[in-house]
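# Observations on the three-dimensional arrangement
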There are 2 protein chains.
Amino acid sequence: MSNNIKIKRALISVSDKNGIVSLAKILRKNGCEIISTGGTKKVLQKAKIPVTDITKVTGNPEAFGGRMKTISFQIESALLFDRKKDKDEANELNILPIDLIVCNLYPFEKVKQENASLEKLIENIDIGGPTMVRAAAKNYKFVGVVVDPADYQNIGKEITENGGALSIETRFELMRKAFNHTADYDSLIATTMDENANKRSLRFAFSDGNKLRYGENSHQKGYFYRKNNSSFSLKDIEVLHGKELSYNNIFDMQAAIESVKNLTKTGCAIIKHANPCGLSEGDDQRKVFENAWAGDPVSAFGSVIAFNETVGKETVEFLQLDSKDKFKRKFIEIIIAPFFTASAKKYLFQHKNLRIIQFDPKKLDQQNDMKFLFNSLLFQETDNELFKKKKIVTKRKPRINKELFQFGLIAIRQLRSNAIVVVRKLDSGDMQLLGMGCGQPNRVNSTLLTIDKCKENLKNEYNGPSEKFDDYVKKQMEKVVLFSDAFFPFSDNVELSYEAGIRTIVQPGGSIRDKSVIRKCDELGVGMIFTGMRHFKH
Amino acid sequence: MSNNIKIKRALISVSDKNGIVSLAKILRKNGCEIISTGGTKKVLQKAKIPVTDITKVTGNPEAFGGRMKTISFQIESALLFDRKKDKDEANELNILPIDLIVCNLYPFEKVKQENASLEKLIENIDIGGPTMVRAAAKNYKFVGVVVDPADYQNIGKEITENGGALSIETRFELMRKAFNHTADYDSLIATTMDENANKRSLRFAFSDGNKLRYGENSHQKGYFYRKNNSSFSLKDIEVLHGKELSYNNIFDMQAAIESVKNLTKTGCAIIKHANPCGLSEGDDQRKVFENAWAGDPVSAFGSVIAFNETVGKETVEFLQLDSKDKFKRKFIEIIIAPFFTASAKKYLFQHKNLRIIQFDPKKLDQQNDMKFLFNSLLFQETDNELFKKKKIVTKRKPRINKELFQFGLIAIRQLRSNAIVVVRKLDSGDMQLLGMGCGQPNRVNSTLLTIDKCKENLKNEYNGPSEKFDDYVKKQMEKVVLFSDAFFPFSDNVELSYEAGIRTIVQPGGSIRDKSVIRKCDELGVGMIFTGMRHFKH
């Protein structure tokens, strides 16, 4: 039976010596012979653990400055032979089985991080280690292979509890881990050598994939994977409550988290189809939520909402989930925050389907952005900046509040191109997205969409009749700032903005028609600021 | 000097025997001793090439059903020792250098494609091969390693022309290839073993990366890579002319190619910010181009344009690149087609910056679609279908032309959500996108954008005054069909469409308010078709 394999002989050869003594002691306690090499042998002997020198097994010396230690007919045979079929042959050839190897590979990655020379990198490519690891993994039906010090404790425990043996299930898992390890190891070597030849290559591994209900649409299968060796991933969100996350939920979540991550005060973003249709920051979370909602109270229904701070009950009561009037209950898909208070959670749990998710946007430190096209990859640095240089280019010199300037840039950076956004500082001091237009084939469309939304929202907040609606709009629009993600190709956007009452525009500049755009501003008395930085996003 | 290494001894052990005899003959002709194993040896001996049996070198038998053939102190020492530093040690240990190995690994991939059992897969994991390959690669300063039969010819040529030697440059390239090969090999093994454990994992490799001028914006670095082992990639486009492609160009190109690939007749797509703002198909390419352009003549400037058939001169003359009136010249960024006639090319070459690209959209057969989020991956099947079931749900029974139905679905599938598109069949029989709205947080926005664009375009084509403009619009709008990428959540979209004169609507259906939407259609005399298939795209 190969179900349990009693570990009678183990080979230990590790570059990371942490934890190896404890494991070796457990093996000895269970009557296991330990074969070892060079540095590992010294550490074990110092801990008074009897060790068989590998040269006794191989019959060969350690040679060529350590390049040859384990590789031999004897060691790899001991790992590879079939304990049933090849038993007699092994006997004839004097090969005794090795039942376990514990091996970490030369630290190529560490050496690479130290910007080592090509020569040093090459010297740190392990040959003997991967050979043993791969041989043992191939023969997992009879042999265990441990490559990760993090596994020593569990392996030690199983050996102790299992009469010195490892189960087939454990050996299979160790085999999977071993091949993933050698795949990672050679992947890093391959890309490093490419780099040295000035050839750009990338290798990625993703695991822990789960099947989603479906992809973007129900006729498409969909899956969600975690990137290997990442300290933190979107897959690590903590789902406190609610229905299973869909493909589109996950995509919107990333946009929601991105939208609030750079806000400096208490912030809230409301996402629909990957674009923020509501965004606000200020001092009071409940007010900020209300401000964000007011950015597009129609689209906010069914949205994905993110906060950048612990969410309290008062904030979420705005959703009126317990209202007897079902039309007052604000249905949303997902709410994300770094933390929810107990009372906020209790309140939100009333809504059976609502997904409640803990994730700290500060943990989102993605440096790269990738688009997978037809058997190709577009790879870029994330757009982590806001502006290059703030330069007033018109006769009118707008005095734009510093926080509002930053808030507007965060909003426009997050919207899909072509994008326009109008933001304002409320009397309370809070910042608010008042209207946006995005995803358009031309900038005029986005400007029109934005203006329409601003007017609609001003209508909603208009208290009348102490002042005329038109006067109210005029007064409000004079205070807002319009941001464009890219330059104005023509002055038509200035005219439309002006007609809507807007007096301050921020755009990157850089068009061949900048002069005529500025002339139009001067003619109409509009103030314009150039930032020198475009924010296309697709 | 390690610059040139004369190949005095070579080890050949290949699973793919193609081309191996010719290479071995060249080696022999240059005085090289050939060491070989099992099947390879037989093939070489049959071709009358003298071969040293590997057991003579190792002193060990081939053992354990072939699991042990090459792995030995002798072979790996011969590959690994430093020809300078370790010379004396090698002498003492009777190790003669091996200067070249030619090795293909066990065909794990092939066996996998044959849906082999786990046992058979495991048996096809090569241990000795990767050990030799990695050892030789590590010692590339002195050893050559050939893993790909496609390289035999060049290697043979170099050996012949170079007095039996390989240069350091060649050995370095072979080393890079070797580590990429073992990385690929173990990557496939690792994901296969994960699969067997019902753990979903993915590994990708991209190479041939080139630095773009920048990413989506000038403050972001950008790169473009080819997916390894793909028979055809977007990187394989043939650039005939023009400025360097930008990050955004490449992204738009994919959208352009996707837009025309499923059109059954002569087709043209005009892309702005990844969305088709113009689309048409018919019999005459010039007319089709004009129809597509008329879909959004403002946004078409600076667009990316794709055709699905060979482009002729008459078609591109529509751009009026040679017009003396510079306002008549239609500036576009990119034109893509499977082929351009010589006269079309000559005409287009007038425009210095215009990128002219050959790529057959039929080659775009992508089955998967991926989004990289924060250290995670959303993976899905491509949206390759159009509709589930065509079902008229209203009293009014619209008789929609079959080609137009398909054309509308192709258009709506390609637009970013939320999306609405209006299409029509022209008197000529051509299909045309008359207006679209996309990328909106709510569907009403998209409907309004679409209707506005339709009216604007009808104004452009209106010949007046033989009939009143309003009558013309009414007549035209009655013939169009409006498509929605997802269900109508409310009946407001029906009302807006009706007011614009639209009488036929196609949408997936599936809302809890379908009944009230249908009721509204019946009340207004609008015909509605359900497709049962949503086409969200983000």
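Counting restarts for each chain, with residues numbered from 1 along the sequence as it is written. Each chain takes a letter, starting from A, and each ligand takes a number, starting from 1, following the order in which they are written. In keeping with the predicted nature of the model, local features appear solely for residues at pLDDT of at least 70, side-chain atom pairs appear and are counted solely at 80 or more, and the whole-chain, interface and lining totals rest on all residues.

## Description of the overall build of chain A
For clarity, the threshold we go by: In this description a helix means any DSSP run of H or I spanning at least four residues, a strand means any run of E spanning at least two, and both kinds are numbered starting from the N terminus. Only the C-alpha atoms count toward the radius of gyration. The rule for a globule is 2.2 Å times the residue count to the power 0.38. As a rule, residues whose C-beta atom has 12 or fewer other C-beta atoms within 10 Å are exposed, those with 20 or more are buried, and those in between are partly exposed; C-beta atoms are placed from the backbone. Our contact criterion uses C-beta atoms placed from the backbone: two residues qualify when those atoms are within 7 Å.
Looking only at helices and strands, chain A has 19 helices and 23 strands in total. In summary, chain A has a C-alpha radius of gyration of 32 Å against a globular reference of 24 Å for 538 residues, an excess of more than 25%. For chain A, the C-alpha atoms occupy an extent of roughly 105 × 60 × 45 Å along the three principal directions. For chain A, the proportion of its 538 residues judged to be buried stands at 53%. The contacts of chain A with a sequence gap of at least 6 include a subset with a gap of at least 24, amounting to 60%.

## Here's the deal with the interface of chain A and chain B
Here is the rule: Under the scheme applied here, ten amino acids are nonpolar (Ala, Val, Leu, Ile, Met, Phe, Trp, Tyr, Cys and Pro), four are charged (Asp, Glu, Lys and Arg), and all others, including Gly, are polar. Two strands make a pair as long as DSSP finds a minimum of two bridges between them.
If you look at the interface, chain A gives 112 residues, while chain B gives 112 residues. Of the residues assigned to the side of chain A that touches chain B, the class counts are 49 nonpolar, 36 polar and 27 charged. Bridging between strand E9 (residues 222–227) of chain A and strand E17 (residues 376–381) of chain B involves 5 bridges; their strand directions are antiparallel. Bridged to Phe-224 of chain A within E17 of chain B is Leu-378 of chain B.

## Observations concerning the sheet that holds strand E6 (residues 144–146) of chain A
Residue and element names in this part refer to chain A. Pairing is parallel in the open sheet, where 5 strands are placed in the order E4-E3-E2-E5-E6. The open sheet has two edge strands, strand E4 (52–53) and E6, and neither has a second partner. Here strand E2 (residues 9–13) runs beside strand E3 (residues 33–36); their pairing, made up of 4 bridges, is parallel. Directly across from Ile-12, in E3, lies its bridge partner Ser-36.

## Considering the domain arrangement of chain A
Residues and elements named next belong to chain A. Using the following cut-off: Domains are outlined according to an automatic or database domain assignment.
Segmentation of chain A into domains returns domain 1 (4–196), domain 2 (237–363) and domain 3 (385–530). Between the C-alpha centres of domain 2 and domain 3 there is a distance of 26 Å. Listed as interface residues are 22 residues of domain 2 and, on the opposing side, 20 residues of domain 3. At 8 residues, strand E12 (residues 275–282) tops the list of elements feeding residues into the side of domain 2 that touches domain 3. Class assignment for the residues of the side of domain 2 that touches domain 3 results in 9 nonpolar, 8 polar and 5 charged.

## Section: the packing of helix H1 (residues 20–29) of chain A against helix H2 (residues 38–46) of chain A
Residue and element names in this part refer to chain A. Rules: To get an axis, fit a line to the C-alpha atoms, keeping to the stretch in contact for a helix; angles then go from 0 to 180 degrees between the N-to-C directions. Should an angle lie under 35 degrees it is considered roughly parallel, over 145 roughly antiparallel, and from 65 to 115 roughly perpendicular; all remaining angles are considered oblique. What makes a crossing left-handed is the near helix being turned counterclockwise from the far one by less than a right angle; a clockwise turn instead makes it right-handed.
Two elements in contact, H1 and H2, have axes whose closest approach is 10 Å; the angle formed by their N-to-C orientations is 70°. Here H1 lies roughly perpendicular to H2, going by the angle between them. Crossing of H1 against H2: the hand is right-handed. Here H1 contributes Ile-20, Val-21 and Ala-24 to the contact with H2, which in turn contributes Thr-40, Val-43 and Leu-44. Here the contact of H1 with H2 is composed, by residue class, of 5 nonpolar, 1 polar and no charged.

## Looking at the relation of the copies chain A and chain B
This is how the line gets drawn: Each copy is superposed on the other by least squares, with the fit set by C-alpha atoms of residues at a pLDDT of at least 70 in both.
Expressed as a screw transformation, the operator carrying chain A onto chain B has a rotation angle of 180° and an axial translation of 0.0 Å, and the superposed copies differ by an RMSD of 0.1 Å. The superposition operator between the copies reduces to a two-fold rotation axis. An overlap of 100% is found between the interface residues of chain A and their copies at the interface of chain B, pointing to a shared contact surface.

## Description of the sheet that holds strand E18 (residues 391–392) of chain A
All names here are of chain A. One open sheet accounts for 12 strands, arranged E10-E15-E14-E13-E11-E12-E20-E19-E21-E22-E23-E18; its pairing is mixed. Each edge of the open sheet carries a strand with a single partner, namely strand E10 (238–241) and E18. The sheet contact formed by strand E19 (residues 420–425) and strand E21 (residues 481–484) spans 4 bridges and is antiparallel. By the bridge assignment for E21, Val-423 is matched with Val-481.

## Some points on the pairing of strand E16 (residues 368–373) of chain B
The side chains of a regular strand alternate between both faces of the sheet. Residue and element names in this part refer to chain B. When E16 meets E17, the two strands line up antiparallel, connected through 6 bridges. Note on E17: the bridge partner recorded for Lys-371 is Leu-378. Taken together, E16 and the strand that follows it, E17, pair antiparallel across an intervening segment of 2 residues, in which Asn-375 is found at a positive phi of about 50°.

## A word on the environment of Leu-348 of chain A
Residues and elements named next belong to chain A. Within the secondary structure layout, Leu-348 lies in helix H14 (residues 342–348). For Leu-348, a count of 23 C-beta atoms within 10 Å gives the class buried. Sequence separation of Leu-348 and Lys-313 is 35 residues, and the distance between their C-alpha atoms is 8.6 Å. Among all residues touching Leu-348, those that are not within four sequence positions of it are His-241, Val-316, Ile-335, Leu-354 and Ile-356.

## Brief notes about helix H12 (residues 285–294) of chain B
Residues and elements named next belong to chain B. The buried fraction of H12 amounts to 7 of the 10 residues, a majority that puts the element mostly inside the structure. Taken as a whole, H12 has its buried residues at Gln-285, Lys-287, Val-288, Phe-289, Asn-291, Ala-292 and Trp-293. The secondary structure elements touched by the buried residues of H12 are strand E11 (266–272), strand E12 (275–282), strand E13 (304–307), helix H13 (313–316) and strand E20 (431–437).

## What to know about the environment of Thr-55 of chain A
In this fold, Thr-55 of chain A is placed in helix H3 (residues 54–58). Among all residues touching Thr-55 of chain A, those that are not within four sequence positions of it are Asn-60, Pro-61 and Glu-62 of chain A.

## What to know about the pairing of E19 of chain A
Residue and element names in this part refer to chain A. In terms of burial, E19 is a largely internal element, 5 of the 6 residues being buried. Sheet analysis places E19 next to strand E20 (residues 431–437), joined by 6 bridges and oriented antiparallel. Pairing of Ile-420 across the sheet is with Gly-437, part of E20.

## Considerations on the nonpolar core
Counted only if it meets this: The nonpolar core is taken to be a set of buried Ala, Val, Leu, Ile, Met, Phe, Trp, Tyr and Cys residues joined by way of C-beta atoms within 7 Å.
The biggest cluster of nonpolar side chains holds 123 residues, and the ones touching the most others in it are Ile-101 and Val-145 of chain A together with Ile-101 and Val-145 of chain B. Apart from the residues lying within four places of it in its own chain, the contact partners of Ile-101 of chain A are Ala-10, Leu-11, Leu-79, Met-132, Val-133, Ala-136 and Val-145 of chain A.

## Digging into helix H9 (residues 152–161) of chain B
All names here are of chain B. Formally: Note that the arc is computed from the directions linking the helix axis to the C-beta atoms.
Taken residue by residue, H9 has Tyr-152, Ile-155, Gly-156 and Ile-159 as its buried positions. The buried side chains of H9 occupy one side of the element, clustering within an arc of 100° when seen end-on. Away from its buried face by more than 90 degrees, H9 exposes Asn-154, Lys-157 and Glu-161. For H9, the secondary structure elements touched by its buried residues are helix H1 (20–29), strand E6 (144–146) and strand E7 (165–167). Taken from the residues just after H9, Gly-163 is the one with a positive phi, measuring 60°.

## Looking at the packing of helix H8 (residues 128–138) of chain A against helix H10 (residues 168–196) of chain A
Residue and element names in this part refer to chain A. Running from amino to carboxyl end, H8 crosses H10 at an angle of 145°, the nearest separation of the two axes being 9 Å. The handedness of the crossing between H8 and H10 is left-handed. On H10, the residues touching Pro-130, Val-133, Arg-134 and Ala-137 of H8 are Met-175, Ala-178, Phe-179, His-181, Thr-182 and Tyr-185. For the contact of H8 with H10, the residue count by class is 7 nonpolar, 2 polar and 1 charged.

## Some thoughts on unusual backbone geometry
Residue Asn-418 of chain A is reached from Ser-417 of chain A by a cis peptide bond, and omega for that bond is -20°. Positioned with a positive phi, Asn-375 of chain A is a non-glycine residue whose angle comes to about 50°. For Asn-375 of chain A, a count of 22 C-beta atoms within 10 Å translates into the label buried. Positive phi, close to 60°, is recorded for Lys-48 of chain B, a residue that is not glycine.

## A word on the confidence of the model for chain A
Note the cut-off: pLDDT expresses, on a scale from 0 to 100, how confident the predictor is about each individual residue.
Averaged over chain A, the pLDDT score is 96; the fraction of residues at 70 or greater is 100%. Two summary scores accompany this predicted model of the complex, namely pTM at 0.93 and ipTM at 0.93.

## Regarding the environment of Leu-496 of chain B
Residues and elements named next belong to chain B. Tracing the chain through its elements places Leu-496 in helix H18 (residues 492–499). Note: C-alpha distance between Leu-496 and Thr-447 (49 residues apart in sequence) is 7.5 Å. If we ignore the near neighbours within four places in the chain, the residues touching Leu-496 are Val-444, Thr-447, Leu-448 and Ile-451.

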